[in-house]
Amino acid sequence: MGGFARVGRLIARAPRLVVLLAVIGTLGLYALATVGVNGEGLFQRVTTGPPLVDGSDSWEVYEAFERTADDTIGPGVTSYVMDVALDDAAVREATDAAAAQIAEIDLVTTVVSPFGAATGPAFDPATASSADPAAAAEQAAGLVDEDGTGFLIDVSFADFGDEDPLPVHEEVADIVAAAVDDMRASNPGATVATSSNPLVFDDFTAQLEQDLVTGEIIALPAALVVMVFVFGGFLAAATPLTGAIASIAGGLAVLYGFSFLLDLDQSAVNVVTVLGIGLSIDYGLLIVSRFREELHRIGGDPRDARAEAIETTMATAGRTVTFSGIVVAIAVGGMLLFDPVIMEGIGGAAVGVVTTAMVAALTIVPAVLFLLAPRIARPGVLSRVPGLRRILATTSNVDREEGAFSRLAAWGQRRPWLVALGSVALLLVLASPILHLTLRNSDIEALPPGNERREFVTSFREGFPDLGEPAIWVHTLEPASELDAWLDEVAQVDGVRAVDDAVVREGETFIGIRIESTDPSGTQAVDAVEDIRAIEAPVAVHVGGVAATQIDFLDAIIEGALLAGALVVVATLVLLFLMTGSLLVPIKTLVINSLSLAATLGVVTWIFGEGHLEGTLGFTSTGGIETYVAVIIAAFGFGLAMDYEVFLLSRVKEYVDAGEDNDAAVRKGLQRSGRIITSAAAVIVLVFLGFALGDLLMIKEVGVGLAFAVLLDATVVRLFLVPATMTLLGDWNWWAPGPLRRLHARMSLQH
């Protein structure tokens, strides 16, 4: 049977050693990922920030800011106290008391509020603007919001050096919160939101960890329950989870390794981990199901049959898992061809996690099956429960080539045109919202509604439209006077509200452009950036900011998509040809999978872009979907669709090679694989929905999108559209020109 059977024989000879090594390896990989080297684990190494594209305009501006930053100043903290009466003595008294308390903290330089300024231990009169009474008064007056019902408390620090600023920032936030509590006696509606870069980063990191734990707590038990009904017993159901647990550990360790090679974004941890869990369960289900099928086929004492069963399982299902892993790895690996670092990080990590899931399914799962064969072969304890016996007999039967799925295929084969056209029509209707797709890169909006940092930014933009960060930045190495005429034209651009005075840092010029909208990445900001870039400047300038970053990122994604798409198409055509010997099946697969992905993106657009189901799913629409989420859904969704296509085609091809006619092979192949496909899909949908219950917007979008992609593919596509089209093509399914047939005979993946 070839190399896969030999791997099965090796596992059968030393299953306990394989399990022992797996346990040791899993624990070691978990320790590496969570503790890391020198106490710095994965979550301490991931980063957050704008999705920049090296060499782009927005990247140049960002780098210029970083290059000219004053490294003697530490990150500051700002608190926005809202819904208070500024002439209330209690408000002033509580604010002054808080300022005095904050001013005692080491590294504090100044604490400024509308009621005055306090100096801290690190205050330097020679460099601080608050040393000038007139400047301090002007600064204090600008700290009251437009409505006159709120004000800012701004805390500045000296450089923290190697010290973590987060504990100090949290201390400041606690002091101000206590002061606002004191204000509520006379201002019952008083609220406060405190923010800083370290606080925002900590919120993202903490939310990612919480969402990851929430997803695993929900997904793994739910997956176990589904698999108990699939296999009729606990042991057979739990076996795929052994691979999933090992895969999670391996996936986190792979991510940790990639964090030394690439700037790994925080969201990559959850996105890639959920893929690893899903694929591990997918592959584990296939291996377990085939092993039980072989035990029943061989018969006799399972102890005597298990070695042969493992060999056959590895030669068939093991080969399918390997082929599927290669296809999925190529699909997600296409993201390595995109320029944005965030996409390279997710793509590279995804390839590693897919490989980990595949290796776990080909080693740990067969070893556990071999050891538990006698018990796995027996009916599970749930099958003894009278009310469940009939259900479990139907879902866990492994002996029949005729059943619900073959009857479904036969029904479709009697009316293939109706089924095929109806399925395509449904996919096109679901895909229609994609015509209104808006892609955007959210920042603080990705945090859940009610998050303090998100509330701060939202309220700050409305209360201090002239004090916040300009939506657009212009950078040049020339004096600002060289741009006077150009800036006059910029000021006339639709949506531009004001042009700030130039700021010179380390000899480099920065000019802020303010827009009318409070959404720095909305349509108005995007249009303004494009119009500004279209105006020819007399000297070299770079236009940056949130909207500019979004434009550059989308351009890079579109450019990379052409190359990545070509790679995936060619690889899919080649690999499916080597598997089936057919020229038409790979082409048909690409067309059908593309329709399925379009339908998925249409549904995601309808939900998240157009704001449907906000209350049900617990999010606030940003008016679009995250650009890189669309790429992830396309890449991962295509990979998972190919996963199920391989499961189905491998069984159909077995029957064709055994001499069955096309229609009979389709019916029997669907009967044998349909239960695995639908069961795996049910489990993976639960896994993805478990992560969709998290609070980070991009994780929610990925979870919902991939859950729907799997659900759609495992039902409409695999159960109806694929059997119908294979029936319409008949024996043409397996056609290839003579030279290609001879090539396939030499290089077939079926051997």
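Residues numbered from 1 in each chain as written. Predicted model: local features only at pLDDT ≥ 70, side-chain atom pairs only at ≥ 80, totals over all residues. Heavy atoms only, no water.

Things to note about the overall build of the chain
Part 1 of the reasoning: A tally of helices and strands in the chain yields 25 helices and 12 strands.
Part 2 of the reasoning: Here the C-alpha radius of gyration of the chain, 30 Å, is about what a compact globule of 751 residues would show, namely 27 Å.
Part 3 of the reasoning: Overall, the C-alpha framework of the chain stretches about 95 × 55 × 45 Å when taken along its three principal axes.
Part 4 of the reasoning: Considering the chain as a whole, with its 751 residues, one finds that 55% of them fall into the buried category.
Part 5 of the reasoning: Considering only intrachain contacts with a sequence separation of at least 6, the fraction spanning at least 24 residues in the chain is 79%.
Part 6 of the reasoning: Split by element, the accessible area of the chain, about 30300 Å² in all, is 59% carbon and sulfur.
Part 7 of the reasoning: The chain carries 43 positive and 90 negative side-chain charges, and their two centres are separated by 28 Å. (Helix = DSSP H or I, 4+ residues; strand = E, 2+ residues; numbered from the N terminus. Rg over C-alpha atoms; globule rule 2.2 N^0.38 Å. Buried < 20%, exposed > 50% of the residue type's maximum accessible area, 1.4 Å probe, protein only. Contact = heavy atoms within 4.5 Å. Areas by Shrake-Rupley, 256 points an atom, 1.4 Å probe, with all protein chains shown as cover. Lys, Arg positive; Asp, Glu negative; His and termini not counted. Charge placed at Lys NZ, Arg CZ, Asp CG, Glu CD.)

Here we look at a negative patch on the surface
Part 1 of the reasoning: On the surface, Asp54, Asp339, Asp494, Glu516, Asp527, Glu530, Asp531, Asp555 and Glu559 cluster together to form a negatively charged patch.
Part 2 of the reasoning: Those elements giving two or more residues to the negative patch turn out to be α18 (523-534) and α19 (546-580).
Part 3 of the reasoning: The element best represented in the negative patch is α18, accounting for 3 residues. (Patch = residues over 30% accessible without salt bridge, like charges linked within 9 Å, V, L, I, M, F, W, Y side chains within 5 Å. Salt bridge = Lys/Arg side-chain N within 4 Å of Asp/Glu carboxyl O.)

Focus on the packing of helix α9 (residues 234-258) against helix α12 (residues 341-377)
Part 1 of the reasoning: Put simply, α9 and α12 touch, their axes get as near as 7 Å, and they point 150 degrees apart. Judged by the angle between their axes, α9 and α12 are roughly antiparallel. Crossing angle aside, the handedness with which α9 passes α12 is right-handed. (Axes fitted to C-alpha atoms, helices over the stretch in contact; angles between N-to-C directions. Parallel < 35°, antiparallel > 145°, perpendicular 65-115°, else oblique. Left-handed = near helix turned anticlockwise from the far one by under 90°.)

Comments concerning the packing of aromatic side chains
Part 1 of the reasoning: For the structure on display, the rule yields 11 aromatic pairs.
Part 2 of the reasoning: Of the aromatic side chains, those joined through ring pairs into one cluster are Tyr80, Phe456, Phe460 and Phe464.
Part 3 of the reasoning: Positioned above the aromatic ring of Phe370 is the side chain of Arg306, whose terminal nitrogen or guanidinium carbon lies 4.2 Å from the ring centre. (Phe/Tyr/Trp six-rings, centres within 6.5 Å; stacked < 30°, edge-to-face > 60°. Lys NZ or Arg CZ within 6 Å of the ring centre and 35° of its normal.)

Re the packing of helix α23 (residues 662-692) against helix α24 (residues 697-729)
Part 1 of the reasoning: Where α23 contacts α24, the axes come no closer than 9 Å and their chain directions differ by 170 degrees. In terms of orientation, α23 lies roughly antiparallel with respect to α24.

Re the sheet that holds strand β4 (residues 151-158)
Part 1 of the reasoning: Overall, antiparallel pairing links the 5 strands, which are arranged β3-β2-β4-β1-β5 in an open sheet. Only two strands of the sheet have a single neighbouring strand rather than two, namely β3 (116-119) and β5 (191-195). Direction aside, neighbouring strands of the sheet carry axes that sit 15 degrees apart on average.
Part 2 of the reasoning: Here 4 bridges tie strand β2 (residues 108-113) to β3, and the two strands are oriented antiparallel to one another. Across the sheet, the residue bridging to Val111 is Ala118, located in β3. (Pairing = 2+ DSSP bridges.)

Some details on the environment of Thr214
Part 1 of the reasoning: Among the secondary structure elements, Thr214 is positioned in helix α8 (residues 197-231).
Part 2 of the reasoning: The class of Thr214 is partly exposed, set by a relative accessible area of 26%.

Quick notes on the confidence of the model for the chain
Low pLDDT marks stretches whose predicted atomic positions should not be read closely.
Part 1 of the reasoning: Per-residue pLDDT for the chain averages 84, and the proportion of residues at 70 or more is 93%.
Part 2 of the reasoning: Highest mean pLDDT in the chain belongs to helix α15 (residues 416-431) (95); lowest belongs to helix α13 (residues 386-395) (50).
Part 3 of the reasoning: Low pLDDT, under 50, characterises residues 391-399; the stretch is placed with 23 contacts to residues that sit more than four places away or in other chains. (pLDDT = per-residue confidence, 0-100.)

Thoughts on the side chain of Asp203
Part 1 of the reasoning: For Asp203, the location among the structural elements is in helix α8.
Part 2 of the reasoning: By relative accessible area, which is 13% here, Asp203 ends up buried.
Part 3 of the reasoning: Polar contacts involving the side chain of Asp203 include one to the side chain of Asn451, which spans 3.1 Å.
Part 4 of the reasoning: Aside from chain neighbours lying at most four places away, what touches Asp203 is Leu447, Asn451 and Arg453. (Polar contact = N/O pair within 3.5 Å; in protein donor to acceptor, adjacent residues only side chain to side chain.)

Examining the pairing of β2
Consecutive side chains of a regular strand alternate in pointing toward one face of the sheet and then the other.
Part 1 of the reasoning: Counting buried residues in β2 gives 6 out of 6 residues, a clear majority hidden from the surface.
Part 2 of the reasoning: Sheet topology note: the β2/β4 ladder contains 4 bridges and is antiparallel. Each residue of the ladder has a partner; that of Val111, found in β4, is Val155.
Part 3 of the reasoning: As consecutive antiparallel partners, β2 and β3 are separated by 2 residues.

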